[in-house]
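# Coordinates in review
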Amino acid sequence: QVQLVESGGGLVQPGGSLRLSCAASGSIFSINAMGWYRQAPGKQRELVAAITSGSKSNYAYSVKGRFTISRDNAKNTVYLQMNSLKPEDTAVYYCNVVLLVDRNSPLRAYWGQGTQVTVSS
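Residues numbered from 1 in each chain as written. Predicted model: local features only at pLDDT ≥ 70, side-chain atom pairs only at ≥ 80, totals over all residues. Heavy atoms only, no water.

## Structural notes on the overall build of the protein chain
Note the threshold: Secondary structure elements are taken from DSSP: a helix is a run of H or I of four residues or more, a strand is a run of E of two residues or more, and numbering for both begins at the N terminus. When a residue's accessible area, from a 1.4 Å probe over protein chains only, is under 20% of the maximum for its type it is buried; when over 50% it is exposed; and in between it is partly exposed. Whether two residues are in contact is decided by their heavy atoms, any of which lying within 4.5 Å being enough. The method behind every accessible area is Shrake-Rupley, applied with a 1.4 Å probe, and residues are considered shielded solely by the protein chains displayed. Under the convention used here, Asp and Glu are negative, Lys and Arg are positive, and both His and the chain ends fall outside the count. One atom stands in for each charge, and that atom is NZ of Lys, CZ of Arg, CG of Asp or CD of Glu.
Scanning the protein chain from terminus to terminus reveals zero helices and eleven strands. Seen through its C-alpha atoms, the protein chain measures out along the principal axes to roughly 50 × 25 × 25 Å. Across the 121 residues in the protein chain, those meeting the buried criterion constitute 40%. At a minimum sequence separation of 6, the contacts of the protein chain that also span at least 24 residues come to 55%. A total accessible area of about 6,600 Å² is found for the protein chain, and carbon and sulfur atoms account for 48% of it. Measuring between centres, the 12 positive side-chain charges of the protein chain sit 4 Å from its 6 negative side-chain charges.

Shown next as structure tokens:
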């Protein structure tokens with residue numbers, strides 16, 4: 001079994017910052033890509049940022065220059081540093097990790113439980 005535990009969400013004023021963390025644990029052979037998605041009320045879930053095993057990253061246009069994704073491979077953890085937050089960043093943020101549970105299994109994606117980020121004055 002694989003578990004993803006997210007932390008770091010909360011309420012912040014416009015212009016503020018938050019840092020999200022997502023730690024993967026359990027039966028993990030190797031981790032491929034790691035990423036963050038978000039879903040606002042009434043909207044589809046969208047990719048916010050992703051990072052490969054080689055630490056190449058990509059971002060949604062709406063967060064470029066404000067958000068930074070990073071990973072600590074020794075801790076099986078992915079982070080999302082969010083700066084200059086805007087009310088439109090309000091959503092539930094989910095981490096997504098693509099990994100192998102053993103060398104003979106196919107790559108599989110796992111989701112965190114979600115953490116609420118609210119940007120409001």
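So that's the structure; there's more coming.
## A closer look at the state of the cysteines
Here is the rule we go by: The rule for a disulfide is simple: a pair of cysteine sulfur atoms within 2.5 Å.
Evaluated as defined, the whole model comprises one disulfide. Here cysteine 22 is linked by a disulfide to cysteine 95, with a sulfur-sulfur distance of 2.1 Å. Of note, the bridge from cysteine 22 to cysteine 95 carries an S-S torsion of about 40 degrees and is right-handed in sense. Remark: cysteine 95 occurs in strand β9 (residues 91–100) and cysteine 22 occurs in strand β3 (residues 18–26); sequence separation between them is 73 residues. Take cysteine 22: its relative accessible area is 1%, and that puts it in the buried class.

## Some remarks on the packing of aromatic side chains
For clarity, the cut-off: Working definition: rings of Phe, Tyr and Trp (its six-membered ring) pair if their centres are within 6.5 Å, and the pair is stacked with planes under 30 degrees apart, edge-to-face with planes over 60 apart, and tilted otherwise.
Per the counting criterion, the structure on display carries one aromatic pair. Between tyrosine 37 and tryptophan 111 the ring centres are 5.0 Å apart and the planes differ by 65 degrees, which places this aromatic pair in the edge-to-face class. Taken as a pair, tyrosine 37 in strand β4 (residues 30–39) and tryptophan 111 in strand β10 (residues 108–111) lie far apart in primary sequence, 74 residues in all. Using a relative accessible area of 24% as the deciding quantity, one classes tyrosine 37 as partly exposed.

## Some thoughts on the side chain of asparagine 96
Following the sequence through the fold, asparagine 96 ends up in strand β9. Asparagine 96 sits in the buried class, given a relative accessible area of 9%. The residues touching asparagine 96, leaving out its near neighbours within four places in the chain, are Ala33, Met34, Gly35, Tyr37, Ala109, Tyr110 and Trp111.

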